[in-house]
Structures are given as C-alpha cells and as structure tokens.
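What follows is the residue order along each chain.
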Amino acid sequence: RLDAPVPAKVPFTADNSARVLVNGREVGSSSEWSNITTVELTDQLVVGNNDVRIIATNGTLPPGSMNPGGVLACLELEGRDPLVTDRRWSVEGG
C-alpha cells in the first residue's frame with residue numbers, strides 16, 4: 001500500500017518470456033531470459049493498493065516433456081525494503 005507516490009522500478013527476467021502488468025495495464029515485457037530488463041513504475045503506481053503481476057510463459061515442448069521455467073524479479077520502492085520473488089509470491093497455473 002502506498003501512502004504517497006514514490007520512485008519505483010522492477011528489474012526482472014523469466015525463462016522464456018514475461019510481461020509486467022501494473023493495475024491491469026501492461027508496462028513492460030521481455031523475451032530474452034539471459035538479460036535483466038528493468039521497467040520504471042513510478043508513473044504507473046497509485047496512492048493506495050496496487051496490483052503488480054508478472055505473467056511468464058515458458059517455451060513449449062511435446063506433451064510429457066519436462067521444461068521447468070522460472071521468474072526472477074525485485075520490486076524496488078524508494079525508502080522501502082525491496083520485494084523479491086520468493087515463496088511468498090503466488091503462482092497461478094504453474
């Protein structure tokens with residue numbers, strides 16, 4: 001929850017690609033898992049509650065094949081501890 005606007009950004013990467021959404025609006029994407037992409041969020045966040053999502057897509061393989069993917073991200077809000085992807089982040093459909 002934000003009580004006032006603050007500078008914010010999210011560096012991220014995903015195997016194989018990802019989109020970053022803030023309050024339902026796509027604000028960045030990457031299809032290069034080997035590079036970190038940083039998206040500036042300052043103008044996207046609002047005072048109050050915000051919904052930040054990373055929609056990651058792994059490459060397709062034949063049915064039954066193992067192809068684990070992953071996401072690394074860090075929500076950085078000025079004056080606060082960073083929020084990094086860990087077991088507290090929820091996963092849908094994975």
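These numbers come from a predicted model, not from an experiment.

Draft legend 1. Region of the structure containing unusual backbone geometry. Of the consecutive residues Asp-15 and Asn-16, the connecting peptide bond is found in the cis state with omega at 10 degrees. Backbone geometry at Asn-23 places phi at a positive 50 degrees, although glycine is not the residue there. By the element assignment, Asn-23 lies in the loop between β2 (17–22) and β3 (25–30).

Draft legend 2. The arrangement of the layout of surface pockets in detail. Computed from the structure, the largest pocket encloses a volume of approximately 1,000 Å³. Looking at the lining of the largest pocket, the elements with two or more residues in it are β5 (52–57) and β6 (70–77). The biggest single contributor to the lining of the largest pocket is β5, with 6 residues. Classifying every residue of the lining of the largest pocket by side-chain character gives 12 nonpolar, 12 polar and 8 charged.

Draft legend 3. Fine view of the side chain of Ser-30. Within the secondary structure, Ser-30 sits in strand β3. Within the local environment of Ser-30, its side chain forms a polar contact with the side chain of Thr-37, the two groups lying 3.3 Å apart.

Draft legend 4. The pairing of strand β1 (residues 8–15), seen in detail. Of all 8 residues that make up β1, 6 are buried, and the element is covered over most of its length. As paired strands, β1 and β6 are joined by 6 bridges and run antiparallel to one another. Bridging from a neighbouring strand, Phe-12 pairs with Ala-73 of β6. Pairing analysis gives 4 bridges linking β1 to strand β4 (residues 37–40), with the strands arranged antiparallel. Bridge pairing in β4 links Lys-9 to Glu-40.

Draft legend 5. Examining the pattern of salt bridges more closely. Within the structure shown, the criterion is met by 4 salt bridges. Across the pair Glu-76 and Lys-9 runs a salt bridge, and its minimum N-O distance is 3.7 Å. Pair noted here: Glu-76 is in strand β6 and Lys-9 is in strand β1, with a separation of 67 residues, a long-range link. Residue Arg-53 is joined to Asp-51 by a salt bridge in which the shortest nitrogen-to-oxygen separation is 2.6 Å.

Conventions we followed
- Residues numbered from 1 in each chain as written.
- Predicted model: local features only at pLDDT ≥ 70, side-chain atom pairs only at ≥ 80, totals over all residues.
- Heavy atoms only, no water.
- Helix = DSSP H or I, 4+ residues; strand = E, 2+ residues; numbered from the N terminus.
- 1 Å grid on protein atoms, 1.4 Å probe; cavity = no way out; pocket = protein on both sides within 12 Å on 5 of 7 lines; lining within 4 Å.
- Points joined across faces, edges and corners; volume = space filled by probe spheres on them.
- Nonpolar A, V, L, I, M, F, W, Y, C, P; charged D, E, K, R; others polar.
- Polar contact = N/O pair within 3.5 Å; in protein donor to acceptor, adjacent residues only side chain to side chain.
- Buried < 20%, exposed > 50% of the residue type's maximum accessible area, 1.4 Å probe, protein only.
- Pairing = 2+ DSSP bridges.
- Salt bridge = Lys/Arg side-chain N within 4 Å of Asp/Glu carboxyl O.

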